[in-house]
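Residue strings, one per chain:
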Amino acid sequence: MTPNLIMRFQRQFLVSASLLLAMGSADCLAQMGGPGQMGGPGQMGGPMHGAPMGEEPSPSAPEPISASDLAVVAYKAGIGYISKAKDADSDAAKAADDKKRTKALAKASNLYDKALDRFEAAVDKDPGMVDAWNDIGVCELHLGFYDEAVMAYANVLELKPSYSEAYENRAEAYLGLNKIAEAKSDYMTLFKTARPFADQLMTYMHQWIDERQRDPKGVSSDDLAAFVKWTDERASAQ
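A brief report on the enclosed structure follows.

Criteria and cut-off values
Residues numbered from 1 in each chain as written. Predicted model: local features only at pLDDT ≥ 70, side-chain atom pairs only at ≥ 80, totals over all residues. Heavy atoms only, no water. Core = buried A, V, L, I, M, F, W, Y, C linked by side-chain atoms within 4.5 Å. Buried < 20%, exposed > 50% of the residue type's maximum accessible area, 1.4 Å probe, protein only. Helix = DSSP H or I, 4+ residues; strand = E, 2+ residues; numbered from the N terminus. Contact = heavy atoms within 4.5 Å. Salt bridge = Lys/Arg side-chain N within 4 Å of Asp/Glu carboxyl O. Expected span 1.5 Å × (residues − 1). Polar contact = N/O pair within 3.5 Å; in protein donor to acceptor, adjacent residues only side chain to side chain. Axes fitted to C-alpha atoms, helices over the stretch in contact; angles between N-to-C directions. Parallel < 35°, antiparallel > 145°, perpendicular 65-115°, else oblique. Nonpolar A, V, L, I, M, F, W, Y, C, P; charged D, E, K, R; others polar.

### Observations concerning the nonpolar core
Buried together is how nonpolar side chains tend to be arranged in soluble globular proteins. Counting residues in each nonpolar core, the largest one holds 52 residues, and the members touching the most others are Y187, M205, W208 and F227. Listing elements by their share of this core, those giving two or more residues are helix 2 (67-94), helix 3 (98-125), helix 4 (130-143), helix 5 (146-159), helix 6 (164-176), helix 7 (180-193), helix 8 (195-214) and helix 9 (221-237). For W208, the residues in contact, after removing those within four places along its chain, are L175, G176, N178, I180, V219, L224 and F227.

Right, here's the structure in full:
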């Protein structure tokens, strides 16, 4: 073998050996975690994942509460108050004397007022919550806010025209305002679409007539007589 050939072979051998050494070093470094590091991930000298040593991990931010969830929370609170208010109404009806009756009615009014606040908070967060609008009307009806109750039921019926209870309750609010024609109109709607609610409303209409016969509260005798005749005709029509 000539000297030139020997030198050429030696250079090729050195190049091949260098490549093999470089490849082997890269594998070792990868296993140890990179240049200048000893050990793998999570070991001394290796890359650390998570919080630095001596520090607690930062807590994740809480999920934001949606407006609809807040509306449901407020609505459920209102339901709790209105349930207690109805119990107080029942106590007033069964009261043995005027003092107990007055006390029970005052308790009921306070509870209806608290329920009203919660239902209003619910529709503030979710204006499309039909049941909350209806219960706003229920509270306002019991508190004697008849104009406001009519508007609440108008919102209910705009959102859900088939909401029969809203027609019945709105008719009661109309009667509270001595608006007999409007109450009769809601009754006829129920008579055609939801007879059980129409029957309930007719019972209330008779109660209203009895009250106005004792104390007209602005209803003329002619209007009251005409309404009595109309209710009698409706009773015979059933």
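### Considerations on the pattern of salt bridges
For the structure on display, the rule yields one salt bridge. R170 is the salt-bridge partner of D186, the closest N and O atoms lying 2.9 Å from each other. Taken together, the residues span a long stretch of sequence, with D186 in helix 7 and R170 in helix 6 at a distance of 16 residues. Judged by its relative accessible area of 3%, D186 is buried. A residue is classified by how much of its surface remains accessible, and R170, at 15% relative accessible area, is buried.

### What to know about unusual backbone geometry
Residues other than glycine seldom take positive phi values, yet N178 does so here, at roughly 60°. Its place among the elements puts N178 in the loop between helix 6 and helix 7. What makes N178 partly exposed here is its relative accessible area of 26%. Here K217, not a glycine, exhibits a phi torsion of approximately 50°, which is positive. Relative to the assigned elements, K217 resides in the loop between helix 8 and helix 9. By relative accessible area, K217 is classed as exposed at 53%.

### A closer look at helix 3
Over its 28 residues, helix 3 runs 41 Å from end to end, which matches the ideal 40 Å to within 8%, given 1.5 Å per residue. What helix 3 keeps buried is the set A104, A108, L111, Y112, A115, L116, F119, A122 and V123. Looking at the buried residues of helix 3, the elements they touch are helix 2 and helix 4. Sitting at the head of helix 3, D97 places a side-chain oxygen 3.1 Å from the backbone nitrogen of K99.

### A few points about the packing of helix 6 against helix 8
Contact pair helix 6 / helix 8: the axes reach a minimum separation of 10 Å and the direction vectors enclose 10°. One way to sum up the angle between helix 6 and helix 8 is to call them roughly parallel. Within the contact between the two elements, helix 6 uses S164, E165, E168, A171, E172, L175 and G176 and helix 8 uses F197, Q200, L201, Y204, M205, W208 and R212. For the contact of helix 6 with helix 8, the per-class residue count stands at seven nonpolar, three polar and four charged.

### A few points about the environment of K107
Note on placement: K107 falls in helix 3. Through-space distance from the C-alpha of K107 to that of A88 is 6.4 Å; in sequence the pair is 19 residues apart.

Without other data, these values stay purely geometric and don't point to any function.
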